[in-house]
Amino acid sequence: MNPSLLEWVATFTVLGAVLGFDLFIVARRVHEPTVREVTTRLSFYLSLAVLFGIWVWLHHGAKYGMQFFAGWLTEYSLSVDNLFVFVIIINSFNVPKKYRQEALFVGIILALAFRTVFIALGGVAVERLAWTFYLFGAFMAFTAVKLLRGGEPDSDGDNAVVRFARRRFAVTDDWDGLRFVARVDGKRAITPMFLVVLALGTTDLIFAMDSIPAIYGLTRQPYLVLAVNVFALMGLRQLYFLLGHLLNRLVYLGQGLALILAFIGVKMVLHALRTNQVPFINGGRNVAVPEIPTTVSLAVIVVVLVLTTAASLYRTRSGQAAQQPTGDQ
């Protein structure tokens, strides 16, 4: 796959304009969006990603089209997991509803920034240091085990960075939009929004460390890697307001992501063995191991996500039914 300079510029100019309009114009309107508003925008973003994948399939071949869809589904699932932690952080800080769009705005901007940095670093490592696939594979396995054990980034708004800020600085309880510093009795104090941003930022950093090795396990095309991550962040604000109350029902999302990341880790290790140059492994020679086709990767990701979502909704259906009003009142 060799996208032209024009293709690079056109693709990311359009995606940047769409994402920028949502984040810098729509999100800055302090209000609680309606269901119709978020549904319309989310449908647009999802349709845009599907159309882009079809375009890649038709113009660059089925192989790269499947790589895009496999990467997009994986990264979007990780973004939903990221969003779940956003929900916990925002609720733990009791962020007023009218400021939640602004908090999400900052969280998504930080996620995009961290992912861009890690994409660049990961691309250099993949191109120049083939043995890093061993490290990426091991990291995917570690992340999978952590998810299976129920591990998440510090998500209660009281991680080490936030605790340090509370100890070192005066903190006011007054909210003032995105202002991070306020004056209280003539002295400067940090606002609760500053602590929220700290918590969101540290969470984004951890998720970027998880998501970038995952996408490089599915495709090594920088064009697709960057596009996948931009599409994965589109619509997260809308998804928060639309599905915030349903995220608690995805009780098996962590286990599903663990299976996907473990699968990607195995694929990365197999690739590392096929291109092996590490002296103490097979004398520095390539190892004849099978290659997992992209069709298999896409099928595994889709099946795992469908099954874990269905199992989650089935598991929590009785709880939802119990919360419904009986109509006798």
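Residues numbered from 1 in each chain as written. Predicted model: local features only at pLDDT ≥ 70, side-chain atom pairs only at ≥ 80, totals over all residues. Heavy atoms only, no water.

Per an unreviewed UniProt entry, the protein goes by TerC/Alx family metal homeostasis membrane protein and derives from Mycolicibacter acidiphilus. Turning to the protein, the UniProt record has this under Sequence similarities (unreviewed entry): "Belongs to the TerC family." Within the UniProt record for the protein, the comment given under Subcellular location (unreviewed entry) is "Membrane". (UniProt positions renumbered as here; feature names shortened; annotations may be inferred.)

When helices and strands are counted, the protein shows 11 helices and two strands. Each helix and strand of the protein, placed in order from N terminus to C terminus, yields the pattern α-α-α-α-α-α-β-β-α-α-α-α-α. Each of the 329 residues in the protein was classed as buried or not, and the buried ones make up 48%. As displayed, the protein offers around 16,400 Å² of accessible surface, 64% of which is attributable to carbon and sulfur atoms. (Helix = DSSP H or I, 4+ residues; strand = E, 2+ residues; numbered from the N terminus. Buried < 20%, exposed > 50% of the residue type's maximum accessible area, 1.4 Å probe, protein only. Areas by Shrake-Rupley, 256 points an atom, 1.4 Å probe, with all protein chains shown as cover.)

Here the focus is the packing of aromatic side chains. This structure, assessed with the given rule, holds 14 aromatic pairs. Judged by centre distance (5.9 Å) and plane angle (55°), the rings of Trp72 and Tyr76 are tilted. Of this pair, Trp72 and Tyr76 both sit in helix 3 (residues 62-92), four residues apart, roughly one helical turn. Here the aromatic residues Trp8, Phe12, Phe52, Trp55, Phe68, Phe69, Trp72, Tyr76, Tyr223 and Phe231 are joined through ring pairs into a cluster of three or more. (Phe/Tyr/Trp six-rings, centres within 6.5 Å; stacked < 30°, edge-to-face > 60°.)

Time to look at the layout of surface pockets. Here the second largest pocket is characterised by a volume of approximately 280 Å³. Lining the second largest pocket we find 19 residues, and of these Gln67, Leu218, Arg220, Lys267 and Glu291 sit closest to its centre. Elements with a contribution of two residues or more to the lining of the second largest pocket: helix 3 and helix 10 (253-274). Here the residues of the lining of the second largest pocket are counted per class, giving eight nonpolar, six polar and five charged. (1 Å grid on protein atoms, 1.4 Å probe; cavity = no way out; pocket = protein on both sides within 12 Å on 5 of 7 lines; lining within 4 Å. Points joined across faces, edges and corners; volume = space filled by probe spheres on them. Nonpolar A, V, L, I, M, F, W, Y, C, P; charged D, E, K, R; others polar.)

Moving on to helix 3. Residues that lie three or four places apart on an α-helix share one face, since the helix turns once every 3.6 residues. Under the 1.5 Å per step criterion, the end-to-end length of helix 3 is 45 Å for 31 residues, consistent within 8% with the ideal 45 Å. Taking burial as the measure, the 31 residues of helix 3 include 24 buried ones, the bulk of the element. Downstream of helix 3 by one or two residues, Asn94 has phi in the positive range, about 50°. (Expected span 1.5 Å × (residues − 1).)

Here we come to helix 5 (residues 132-148). Taking 1.5 Å per residue as the helical rise, helix 5 with its 17 residues ought to reach 24 Å, and the 24 Å between its terminal C-alpha atoms agrees with that figure. Three or more residues of helix 5 are buried, namely Thr132, Phe133, Tyr134, Phe136, Gly137, Met140, Thr143, Ala144 and Leu147.

As judged from the four bridges shared by strand 1 (residues 181-184) and strand 2 (residues 187-190), these two strands associate in the antiparallel manner. Bridging from a neighbouring strand, Ala182 pairs with Ala189 of strand 2. (Pairing = 2+ DSSP bridges.)

For Thr191, the location among the structural elements is in the loop between strand 2 and helix 7 (192-216). The exposure class of Thr191 is buried, given its relative accessible area of 1%. A polar side-chain atom of Thr191 sits 2.6 Å from the main-chain carbonyl oxygen of Arg179. Beyond its immediate stretch of four places on either side in the chain, Thr191 contacts Thr172, Asp174, Arg179, Phe180, Val181 and Ala182. (Polar contact = N/O pair within 3.5 Å; in protein donor to acceptor, adjacent residues only side chain to side chain. Contact = heavy atoms within 4.5 Å.)

A separate point is unusual backbone geometry. We note that Asn94 has phi near 50°; this positive angle belongs to a residue other than glycine. Assessed through its relative accessible area of 59%, Asn94 is described here as exposed. Residue Asn282 is not a glycine yet carries a positive backbone phi of 55°. Looking at the secondary structure, you find Asn282 in the loop between helix 10 and helix 11 (294-323). The partly exposed category is assigned to Asn282, whose relative accessible area is 36%.

A cluster of nonpolar residues, Val50, Leu51, Ile54, Trp57 and Leu58, forms a patch on the protein surface that exposes about 480 Å² of accessible area. By the secondary structure assignment, Trp57 is in helix 2 (residues 35-60). Looking at Trp57, the relative accessible area reads 35%, which means it is partly exposed. (Patch = residues over 30% accessible without salt bridge, like charges linked within 9 Å, V, L, I, M, F, W, Y side chains within 5 Å. Salt bridge = Lys/Arg side-chain N within 4 Å of Asp/Glu carboxyl O.)

At their nearest, the axes of helix 7 and helix 8 (residues 222-233) sit 10 Å apart, and the two run at 135° to each other. Taken together, the axes of helix 7 and helix 8 lie oblique to each other. Note on packing geometry: the crossing formed by helix 7 with helix 8 is right-handed. Along its contact with helix 7, which presents Ser211, Ile212, Ile215 and Tyr216, the element helix 8 presents Val225, Val228 and Asn229. In the contact of helix 7 with helix 8, the residues fall into five nonpolar, two polar and no charged. (Axes fitted to C-alpha atoms, helices over the stretch in contact; angles between N-to-C directions. Parallel < 35°, antiparallel > 145°, perpendicular 65-115°, else oblique. Left-handed = near helix turned anticlockwise from the far one by under 90°.)

So, about the nonpolar core. Among the nonpolar cores identified, the biggest contains 86 residues, and Phe68, Phe93, Phe231 and Met234 are the most heavily contacted of them. Broken down by element, the residue count for this core peaks at 15 residues, all from helix 3. (Core = buried A, V, L, I, M, F, W, Y, C linked by side-chain atoms within 4.5 Å.)

This part is about the pattern of salt bridges. Applying the stated criterion across every chain yields a total of one salt bridge. Close ionic contact of Glu75 with Arg115 constitutes a salt bridge, the shortest N to O distance being 3.6 Å. Of the two residues, Glu75 is situated in helix 3 and Arg115 in helix 4 (residues 100-128); the sequence distance between them amounts to 40 residues. Assigned by exposure class, Glu75 and Arg115 land together as buried.

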